[in-house]
Amino acid sequence: MDIALVGIGKIAVDQHVPAINASPDWTLAATVSRQGSVDGVDSYTDFAQMLAERPEIRVVSLCLPPVPRFGYAAAALAAGRHVMLEKPPGASLSECHRLIELARAQGVTLYATWHSREAAMVAPAKAWLTDKTMTRMTVTWKEDVRRWHPGQDWIWEPGGLGVFDPGINALSIVTEILPDPIHLTAATLEVPENKQGPIAASLRFAHPKGADVSAVFDWRQDGDQTWTIEVETDAGTLALHDGGARMVINGQEHRAEGPTLEGEYPRLYANMAGLVATGDSDVDLAPMRHVADAFLLGRRETVAPFHD
Ligand code: NAP
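Residues numbered from 1 in each chain as written. Predicted model: local features only at pLDDT ≥ 70, side-chain atom pairs only at ≥ 80, totals over all residues. Heavy atoms only, no water.

By the naming in an unreviewed UniProt entry, the protein is L-arabinose 1-dehydrogenase (NAD(P)(+)), taken from Antarctobacter heliothermus.

## Observations regarding the domain arrangement of the protein
The domains assigned to the protein are domain 1 (2–112) and domain 2 (116–258 + 291–303). Of the residues lining the interface, nine residues belong to domain 1; the matching set on domain 2 comes to 11 residues. Carbon and sulfur atoms supply 65% of the area buried between domain 1 and domain 2, which totals about 710 Å² over both sides. Inspection of the domain 1/domain 2 interface yields one salt bridge. (Domains from an automatic or database assignment. Contact = heavy atoms within 4.5 Å. Buried area = accessible area lost by both parts, 1.4 Å probe. Salt bridge = Lys/Arg side-chain N within 4 Å of Asp/Glu carboxyl O.)

## A word on the packing of helix α3 (residues 66–78) against helix α4 (residues 93–106)
Relative orientation of the contacting elements α3 and α4 amounts to 15 degrees, with a least axis distance of 9 Å. By the angle between their axes, α3 is roughly parallel relative to α4. You can see that α3 and α4 cross each other, and the crossing is left-handed. On α4, the residues touching Pro-66, Phe-70, Ala-73, Ala-74, Leu-77 and Ala-78 of α3 are Glu-95, Arg-98, Leu-99, Leu-102, Ala-103 and Gln-106. By residue class, the composition of the contact of α3 with α4 is nine nonpolar, one polar and two charged. (Axes fitted to C-alpha atoms, helices over the stretch in contact; angles between N-to-C directions. Helix = DSSP H or I, 4+ residues; strand = E, 2+ residues; numbered from the N terminus. Parallel < 35°, antiparallel > 145°, perpendicular 65-115°, else oblique. Left-handed = near helix turned anticlockwise from the far one by under 90°. Nonpolar A, V, L, I, M, F, W, Y, C, P; charged D, E, K, R; others polar.)

## Details of the nonpolar core
In globular proteins that are soluble, nonpolar side chains generally tend to be buried together. Counting residues in hydrophobic clusters, the biggest one holds 79 residues, and the most contacted among them are Met-50, Met-137, Phe-164, Leu-203 and Phe-217. Per-element accounting of this core gives the leading share, seven residues, to helix α7 (residues 164–177). Here this core spans two domains, since at least three of its residues come from each of domain 1 (2–112) and domain 2 (116–258 + 291–303). Listed in part, the 22 residues of the second largest apolar core include Val-38, Tyr-265, Leu-268 and Met-272. (Core = buried A, V, L, I, M, F, W, Y, C linked by side-chain atoms within 4.5 Å. Buried < 20%, exposed > 50% of the residue type's maximum accessible area, 1.4 Å probe, protein only.)

## Regarding the environment of Ser-281
Mapped onto the elements, Ser-281 comes out in the loop between α8 (264–278) and α9 (286–297). Judged by its relative accessible area of 41%, Ser-281 is partly exposed. Look past the residues within four positions of Ser-281 in its chain and what remains in contact with it is Val-108, Thr-109, Leu-110 and Leu-275.

Laid out in structure tokens, this is it:
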């Protein structure tokens, strides 16, 4: 199937283009970006023009930041295209619900991707936890914003999510592997005095069976980067490390058979091919709901200004 890629920036170049090029399902037929392009691929700067001139491209993958993405997604769905969304699926929950309604009305596929759910050890972790009784879950997502988001002003603006941009990846794994639903009860958001978005956050959740569930996200991490989820259960401890690439159960490492993090985007594109083939949609808003709740319930603390 032909596919158009919109928003040729960091993640499009790093992950989407290689995943599409390596896929047996997809041909990159066009790009839409104000400045970016991909060698050898027809490029447009105007999205409406691409939609009008290329009716044979039935699928559009949107790699823009969350705030400008809704208009593109709505236009693509209105034009009868199947749509794949980078995470987070929108800048607000209402936007996401509107897209779900539009896709349903048009009879097309809408896929809200959560790339971290496709990390190699997430499915094995979910399977192991299914019949265990969890007593504690601790999420630690600490990285250096200067290293991973250099010069990305949008990420600090309203709708950019601040530290929840990576933190929502952790929440996408948590909501995938936990057998029981959780809901946020309290949060603290540390916001630099010159920014709109938080640079750090700590969250607490209620668990229906009383497990102690908490998360810490921090963008001020020098040196080693930490993307870890530790779960204590009646059968011992499971730890997911490196964003779901590695799993350790009771001190013993369990290795993936296939690619670890490199497999995330190829799996997303394989999922999209499957959804389009069956005419289904997949839009799970659970990670986004927890982030929205943190912004609703979170206590704000103003911290030192941040400069790139
Ligand atoms: P980015 O490089 O800053 O932006 C992607 C592209 O979107 C830009 O190159 C720009 O292309 C276009 N764009 C930006 N602002 C726009 C606007 N106001 N209107 C229209 N187009 C605009 O961002 P990114 O890091 O690729 O992230 C994009 C999305 O992917 C985010 O939702 C992010 O959470 C997600 N993601 C990122 C990473 C990562 O490691 N960076 C990993 C996983 C997921 P033009 O200027 O050429 O139009």
